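One-letter residues, chain by chain:
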Amino acid sequence: MTEKRVARAPLSDLLSSLPSVDRLVTHARAGDLIKAHGRDEVLRAVRNVLESARAQWRSGKPGGLAATATATDDALLVALLDAASAELDARARPNLRQVLNLTGTVLHTNLGRAVMPREAIEAMALAAAEPCALEYDLGEGRRGDRDELVEELLCELSGAEAATVVNNNAAAVFLLLNALSSRKQTVVSRGELIEIGGAFRIPDIMQRAGAKLVEVGTTNRTHASDFEAAIGARTALVMKVHTSNYIVQGFTAAVPESELASIAHAHGVPFVVDLGSGTLIDLTQYGLPAEPTPRDSIAQGADLVTFSGDKLLGGPQAGIIVGRKDLIQKIKKNPLKRALRVGKITLAGLEAVLRLYRDPASLPGRLTVLTLLTRPAAHMQEQALRLLPGVSAALDAVDLVASAVPALSQIGSGSLPVERLPSVALSVAGRGRAGERNVVLLERKLRASPTPVIGRIQDKTLLLDLRCLRPDHEEVLVRSVCDAASQIGKSR
Ligand SMILES: *Cc1c(COP(=O)(O)O)cnc(C)c1O
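Being a predicted model, the structure only gives us computed values, none of them experimental.

Asks: What exactly am I supposed to notice about the packing of aromatic side chains here?
Replies: In this description, an aromatic ring pair is defined by two values, namely the gap between the centres and the angle between the planes. With the rule as written, the count across this model stands at zero aromatic pairs. The ring of F251 has R221 sitting right over it, with the charged end atom 3.8 Å from the ring centre.

Asks: Explanation requested: the pattern of salt bridges in the structure shown.
Replies: A side chain of one charge can pair with a side chain of the opposite charge if their charged atoms are brought near each other. Under the counting rule described, the total for this entry stands at 28 salt bridges. Close ionic contact of R118 with E122 constitutes a salt bridge, the shortest N to O distance being 3.6 Å. Separated by four residues within a single helix, R118 and E122 lie in helix 7 (residues 118-129), roughly one turn from each other. Notably, a salt bridge pairs R355 with E351, separated by 2.7 Å at the nearest N-O pair. Of this pair, R355 and E351 both sit in helix 16 (residues 344-356), separated by four residues, roughly a single helical turn. Overall, the relative accessible area of 22% leaves E351 in the partly exposed class. Among the charged side chains, a salt-bridge network with shared partners connects R118, E119, E122 and R366.

Asks: Is there a simple way to think about the packing of helix 7 against helix 16 in this case?
Replies: Think of two packed helices as two axes; the pair is described by the angle between the axes and how far apart they sit. Look at helix 7 against helix 16: their axes get within 8 Å of each other, and the N-to-C directions meet at 150°. The angle between helix 7 and helix 16 falls in the class roughly antiparallel. Crossing of helix 7 against helix 16: the hand is right-handed. Facing E119, A120, A123, M124, A127 and A128 of helix 7, the residues of helix 16 in contact are K344, I345, A348, G349, A352, V353 and L356. Tallied by class, the residues present in the contact of helix 7 with helix 16 amount to 10 nonpolar, one polar and two charged.

Asks: Would you explain the site of the ligand in this entry?
Replies: Around the ligand, the structure places 13 residues, and the nearest of them are A170, S244, D274, S308 and K311. At 2.9 Å from an oxygen atom of the ligand is found a side-chain nitrogen or oxygen belonging to R113. Measuring from an oxygen atom of the ligand, one finds a side-chain N or O atom of S308 at 2.7 Å. Bound to the protein, the ligand loses 95% of the 380 Å² it would expose on its own. Every element with two or more residues in the shell around the ligand is listed here: helix 9 (169-181) and strand 10 (271-276).

Asks: It is not clear to me how the sheet that holds strand 16 (residues 456-458) should be interpreted in this structure. Could you clarify?
Replies: Hydrogen bonds between backbone groups are what pair the strands of a sheet, and the pairing can be parallel or antiparallel. Taken in spatial order, the four strands make up an open sheet running 13-14-17-16, and their pairing is antiparallel. Two strands close off the open sheet at either side, each with one partner strand: strand 13 (400-409) and strand 16. Averaged over all neighbouring strand pairs, the angle between strand axes comes to 35°, with direction disregarded. Of the strand pairs in this sheet, strand 14 (residues 421-430) and strand 17 (residues 461-465) are connected by four bridges, and their pairing is antiparallel. Within strand 17, the position partnered with A425 by the bridge is D465. Where helix 20 (residues 432-447) meets the sheet, its contacts fall on strand 13, strand 14, strand 16 and strand 17, and the angle it forms with strand 14 comes to roughly 125°.

Asks: When you look at unusual backbone geometry in this model, what are you seeing that I'm missing?
Replies: Negative phi is the rule for most residues except glycine; trans is the rule for most peptide bonds. A positive phi is found at R113, a non-glycine position, where the angle reads about 55°. Secondary-structure assignment places R113 in the loop between strand 1 (100-101) and helix 7.

Asks: How do you make sense of helix 6 (residues 73-92) when you look at a structure like this?
Replies: An α-helical turn contains 3.6 residues, so a residue and the one three or four places further along point in the same direction. Given a rise of 1.5 Å per residue, 20 residues ought to cover 28 Å, and the 29 Å separating the end C-alpha atoms of helix 6 matches this to within 8%. For helix 6, the full list of buried residues reads L76, L77, L80, L81, A84, S85 and L88.

Asks: Please clarify how the environment of S189 should be interpreted in this entry.
Replies: In this fold, S189 is placed in strand 5 (residues 185-189). Sequence separation between S189 and T219 is 30 residues, and the spatial gap between their C-alpha atoms is 7.9 Å. Beyond its immediate stretch of four places on either side in the chain, S189 contacts V216, T222 and F227. At a separation of 3.1 Å, a polar atom in the side chain of S189 contacts the main-chain amide nitrogen of G191.

Asks: I tried to follow the packing of helix 19 (residues 377-396) against helix 21 (residues 474-490) on my own but got confused; where do I start?
Replies: Where helix 19 contacts helix 21, the axes come no closer than 9 Å and their chain directions differ by 20°. Put simply, helix 19 runs roughly parallel to helix 21. Like other packed secondary-structure pairs, helix 19 and helix 21 cross with a definite hand, here right-handed. Here Q383, R386, L387, G390, V391, A394 and L395 of helix 19 come into contact with helix 21, specifically with E474, L477, V478, V481, C482 and A485.

Asks: What's the story with the sheet that holds strand 8 (residues 212-216) in this structure? I'm lost.
Replies: As summarised here, the arrangement of the seven strands in space is 4-12-11-10-9-5-8, forming an open sheet in which the pairing is mixed. Two strands in the sheet have a free side with no partner beyond their single neighbour: strand 4 (162-166) and strand 8. With direction set aside, neighbouring strand axes in the sheet form an average angle of 25°. Examined bridge by bridge, strand 5 and strand 8 share five bridges and lie parallel to one another. Across the sheet, residue S189 finds its bridge partner in strand 8, namely V216.

Asks: Just checking my understanding: could you explain helix 9 for this structure?
Replies: Here helix 9 is 13 residues long and its end C-alpha atoms lie 17 Å apart, about the 18 Å a rise of 1.5 Å per residue gives. Buried residues dominate helix 9, accounting for 12 of its 13 residues. Looking one or two places after helix 9, you find R183, whose phi comes out positive at around 60°.

Criteria and cut-off values
- Residues numbered from 1 in each chain as written.
- Predicted model: local features only at pLDDT ≥ 70, side-chain atom pairs only at ≥ 80, totals over all residues.
- Heavy atoms only, no water.
- Phe/Tyr/Trp six-rings, centres within 6.5 Å; stacked < 30°, edge-to-face > 60°.
- Lys NZ or Arg CZ within 6 Å of the ring centre and 35° of its normal.
- Salt bridge = Lys/Arg side-chain N within 4 Å of Asp/Glu carboxyl O.
- Helix = DSSP H or I, 4+ residues; strand = E, 2+ residues; numbered from the N terminus.
- Buried < 20%, exposed > 50% of the residue type's maximum accessible area, 1.4 Å probe, protein only.
- Axes fitted to C-alpha atoms, helices over the stretch in contact; angles between N-to-C directions.
- Parallel < 35°, antiparallel > 145°, perpendicular 65-115°, else oblique.
- Left-handed = near helix turned anticlockwise from the far one by under 90°.
- Contact = heavy atoms within 4.5 Å.
- Nonpolar A, V, L, I, M, F, W, Y, C, P; charged D, E, K, R; others polar.
- Near = heavy atom within 4 Å.
- Polar contact = N/O pair within 3.5 Å; in protein donor to acceptor, adjacent residues only side chain to side chain.
- Areas by Shrake-Rupley, 256 points an atom, 1.4 Å probe, with all protein chains shown as cover.
- Pairing = 2+ DSSP bridges.
- Expected span 1.5 Å × (residues − 1).

Okay, here's the thing in structure tokens:
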């Protein structure tokens, strides 16, 4: 109907009825927009909106601004300013959006890995807001070393002599290889030449670091004799890489760390381990599957161990190297250390998280990652039963049926790739063809929510794993599902 009226009105009249930029920005409603977004932003939005209105009226097609063609003068101004306001809001929205991670993967690399505990968040906010003794020895009143903020804690928790921190674990491996194996050989088992998502490949990192890779053994079996035969005058390191994102099953053999350490030491070369996730404590005490720790590797004779700060450790993105003092010293003297160093906010968060490990008994209640990993399925079941009444009617109206189903969460980020943790998901299935289509639409609309909800579709069903849903986010989830369903209903 609007379309017809627009088409009938003479275009030149219509276009000349559009208000000027000046009239729009001096309208009372524009005052609030200027207060919220600033004058330049409002001018920009108003010009864009006028441009769109002209384009839509010229084309004669009903767009969002078509109705304004027939509006009274003030209603026209308000409609145009409403459109400008919507554009301003969209432009003001941060690009890095908070989301609800209902994927079932606790350490989801694409969703930011570890969610940090309150202690770390407070320390990071303080480090950002105030001057801090980042590289300043308060006792002596002179320049200090930023690594010292966490070195003692890292040594205490890993049993190592020294420690240093860089931007991420890929950087830690890169720096270690460049500092200790440049133009020299590093011996690694063929079964451990891993690729981690996002193009981290051990052979490529080695090459870029200037280290010469010597592969030994086969994909499934590597023996001590393979290492013995490969070590020579040009060998700088023997390296073990934790195969964190896959397992080799069946007819397999790998050389234990203690034996690799003995072989390396007998030839006078260091033995280094890239652990990847490297949780600092034995997870089995919390009923979780076993994952190797830096302390284990150090105890088995590793001279250096590298691991991530934002995987199972539960802290900020960082790469940590612990081990022998003389080797850490050499790594710290490498100019790349300066290029790969971490900032004060990372160090503040890391220190706060490491401090939590001093009291392992309270860790599941305080370290967010561990809280999420140890949540019993019964909690998620109760949560599902709380959520269902709020969403069922809205979903039913668009041929969707929600229920609580058993699900399996994963740890993620290459930790324990085959282990699964029993969980509960809200499952949304479709009734009939229309319902099936709506499952796909619902997933899409939930992703477009003000707080995007990220689930996954499996067998034509949308699964929203509740393991990572905080109780205080339940309301947001219910509202998002209801809004998404009502949008689907309107678009039919
Ligand atoms: C995850 C991982 C890395 C890369 O660590 P980032 O912190 O993501 O840079 C390297 N090696 C192993 C074994 C890993 O699991």
